[in-house]
Amino acid sequence: MTRKRERLPTSATPDLDRWFAAQGRTPFPFQRTAWAAYADGASGLIHAPTGTGKTLAALLGPMQEALHEAMEEARENPPSKTVSPVHGSAESEPPRLLWLTPLRALARDTVGAISAAAAALNLPWSVELRTGDVSSSVKARQRKRLPTVLVTTPESLCLLLSHADTAARFASLRAVVVDEWHELLGSKRGVQVELGLARLRHLAAGLRTWGLSATIGNLEQALAVLVPGGGRLIAAGTTKKITVSVALPPPERVLPLAGHLGLAQLPQVLTAVDGARTTLLFTNMRSQAEMWFSAIHGARPDWPMALHHGALERALRDAAEDGARTGTLKLVVCTSSLDLGVDFAPVDLVIQIGSPKGIARLAQRAGRSGHQPNGVARLVGVPTHALELLEFVAARRALAAGRIEARTPLRAPLDVLTQHVVTLALGGGFVADELLAEVRSTFAYRDLTEQEWCWCLDFVVSGGPTLTRYPRFQRVQVVDGRHVVTVPEIARLHRLAIGTIVSDQAVSVRLVRGGNLGTVEESFITRLLPQQVFRFAGRALELVRFHDGVAEVRVSKRPANSTPQWMGGTYPLSSFLADEVLALFGELHAGREPDPDLRAIAAMVRAQRERSHLPRPGVLLAERITLGGRSTGDGGHLLCLYPFAGRLAHEGLGALLSWRLTRYQPLSVSVMVNDYGLTLAAPTPLLLDASALRALLSPTGLVDDLLASMNAGELARRRFREVARIAGLLIPDLPGKGRGARQVQASANLFFDVFRAHDPGHLLLAQAEREVLERELEVTRLRTALERLDGWTIDLVDSPRLTPLSFPLWTEFIQSQFSSEPWDARVRRMQAEVLA
């Protein structure tokens, strides 16, 4: 059925204009453009700086449509009495708007903003949240009747699509808004959204899709992925002013070269926070957030402050968000859990501990301050070591020039597709040819082959050739030409496993006398003994017992000696930012001063000049360094290269070079990498000149040599665990019956071995191998780097001592060595020698 849509006159906005006027504001031109485009029935992408009104640009189009329809209805059928809108009541309208958001914190904030707008415009809309934090009773009520506006996550949308009444529930849907689209683009969650949108377009005729984005370099491609049929790109035409300053140590102190978390900068951080009303302090890792919270709380216990990251219990996160929103908190220490779109008007300062590793991430986090139209975003960067100062300065320059990283869309991940196929088989079933056309309407699967599609269907229907004898893997049946799920247990297990976020086994942390604090990963908690004290949720906690997936703890007055580590806590340096840092080095090499803040690392720059050279564009710096055992405690010979290609690409390059080098010269080689370069360490001299090194760096035969150079099978095995989990091969944890991480790993390994032995052409194996190359070794970025280096000059320098650039690589090396001297003491001693 095609719903008739009447074009709304752009002048029909008196309610919107009055509402803006009541707040002392007028709509921005881009907002009016977005409302008119929505009224025309268009879909598109709204690109505007943080805090300039993207939410209202997407929201008020549907609201204006509802107001217009209400006026038409009143004109045709005058009401006998006035009905006041009651939000959430049975009188509210059926589902009209679905709002997808990547973060729970953002979802909660969005519900408040939409509710306030609906109330101000006298719209009888119910606005509700549906995420993993929502109670089962609310979800049960939503199963019976969806609200007018549902704010949810990609995973919760897929759960809704898995029910047989999906078609009827979404038939009245008018629009979908995908918030912070750039955060989803280029990930499996983004592909999950693409598939979900294709299904909703099939169910709701004339559905309009709008995305919101603030920081992304490939806008046209982002639009094409979101709206494959073509849409409108609406840009604000303005930029938000962002000021980025850098916290520097006093002149008598120098930034370390490596090996620190930045806590030496605590006095500068305290001064910055003291001068602001409310501050968000970002770290890149949850464990670092825990440490910084503890340090600041210890220094200023009088400050009202809170900790926020994704592993904390919802009540703790909600309290932190409410405190930032109302301005009752002086400081919130957080991670990426508060990266996106959350409107904390009192926040007037953002502090970033350590390099953000990307220009877009710096802009995103800076935008959490000054979060109002015409507001100024202020960010203070806190480098934890000298090279991070270069990254902050480079990011600031790139941001001022408008250079932002692109997000590369994924191509046809079959694990996500097989999960989606089972979801739709649950959600009323499908006809294979019709669903293939729907799937191919997405950007990710536009080139899906007939062979790949038939393989997916066979995989979910029979389990494929190796699992055909096991009923559990025959998840989908064909009944009267439709693919459906008929076994209740399969339906239950599939709904528990929906999603693409894969992490280590989660363990609940619960006070012996009190409530839940959140979750840590099983791999951490199982290393602790009872009575050991660790840092979590901003407190020192003593482990009482660990049983049935629950770690019972009590608050301790003893100091904590460990902090949980979570998977996925580090970011590689983006290629954009790496190039900007290399450009800075080039200016320093030329004798220019690109930024006054770089005077703080003058000693490092001077020492690098004296012992070697500075890297620069067009030249690959290569250092051959001989370490004397007497001075360092570590004899050996190092070859250090600085391609500035990022940690992941350097890991692949290190494996490639060591393999090629051992064919060139018999020897044992160790590899260490960081974002700037890599070093090959050997017990005997590396007999290489510039021409031999160039041959080792040849891009010819890259993939074959890379796969031969490392235990590619083991890397693929590790990656296969994620693929198998998403594709539904691994049985999900049942509530109260969590399996250990080792058991999950063993199950994945068994499937991997069976497929390798009996079905080597299994497409999930091929996907795991492809993801190892693209995501773990960044082979595309590595190939680009090698092709670029092929045209560069090689600057081969011999040095009898460590250089400032090689020093961070050396610290990575000695972490794996046994020594009676503490690691940090060795680092301090060697740093003094390097800078002497």
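Refer to the structure above for everything that follows.
Residues numbered from 1 in each chain as written. Predicted model: local features only at pLDDT ≥ 70, side-chain atom pairs only at ≥ 80, totals over all residues. Heavy atoms only, no water.

> What exactly am I supposed to notice about the overall build of the protein chain here?
Secondary structure assignment for the protein chain yields 32 helices and 25 strands. The buried share among the 836 residues of the protein chain stands at 58%. Pairs at least 24 apart in sequence give 75% of the contacts found in the protein chain among residues at least 6 apart. Counting every atom, the protein chain has about 33,800 Å² of accessible surface; 53% of that belongs to carbon and sulfur. (Helix = DSSP H or I, 4+ residues; strand = E, 2+ residues; numbered from the N terminus. Buried < 20%, exposed > 50% of the residue type's maximum accessible area, 1.4 Å probe, protein only. Contact = heavy atoms within 4.5 Å. Areas by Shrake-Rupley, 256 points an atom, 1.4 Å probe, with all protein chains shown as cover.)

> What is the right way to look at the packing of aromatic side chains in this model?
Aromatic ring pairs are described here by two measures, namely the spacing of the ring centres and the angle between the planes. For the structure shown, the criterion picks out 12 aromatic pairs. A centroid spacing of 6.0 Å and a plane angle of 55° characterise the contact between F20 and W35, whose relative ring orientation is tilted. On the criterion of sequence distance, the pair formed by F20 in helix 1 (residues 14-22) and W35 in helix 2 (residues 29-39) is long-range, its members being 15 residues apart. Accessibility expressed as a relative area gives 1% for F20, which makes it buried. The buried category is assigned to W35, whose relative accessible area is 2%. We note R208 situated over the ring of Y38; from NZ or CZ to the ring centre the distance is 3.7 Å. Directly above the aromatic system of F443 lies the positively charged group of R446, at a separation of 3.9 Å from the ring centroid. (Phe/Tyr/Trp six-rings, centres within 6.5 Å; stacked < 30°, edge-to-face > 60°. Lys NZ or Arg CZ within 6 Å of the ring centre and 35° of its normal.)

> Would you explain empty space enclosed by the protein in this entry?
A water-sized probe rolled over the atoms picks out the places where empty space is left. What the rule picks out here adds up to 6 cavities of 30 Å³ or more. Each pocket or cavity is described by its volume, and for the largest cavity that value is around 130 Å³. If you go around the largest cavity, you meet 13 residues; those closest to its centre are R472, R475, L493, H494 and G728. Going through the elements one at a time, helix 19 (488-497) and helix 27 (712-727) are the ones with two or more residues in the lining of the largest cavity. Examining the composition of the lining of the largest cavity, we find that 4 residues originate from one element, helix 19, more than from any other. Tallied by class, the residues present in the lining of the largest cavity amount to 7 nonpolar, 3 polar and 3 charged. (1 Å grid on protein atoms, 1.4 Å probe; cavity = no way out; pocket = protein on both sides within 12 Å on 5 of 7 lines; lining within 4 Å. Points joined across faces, edges and corners; volume = space filled by probe spheres on them. Nonpolar A, V, L, I, M, F, W, Y, C, P; charged D, E, K, R; others polar.)

> Hey, could you run me through the side chain of T278 in this one?
On the secondary structure map, T278 appears in strand 9 (residues 278-282). Of the polar contacts made by the side chain of T278, one reaches the backbone oxygen of L329; its length is 3.1 Å. When residues no more than four places from it in sequence are discounted, the contact partners of T278 are A324, G327, L329, K330, P346, V347, D348 and L349. (Polar contact = N/O pair within 3.5 Å; in protein donor to acceptor, adjacent residues only side chain to side chain.)

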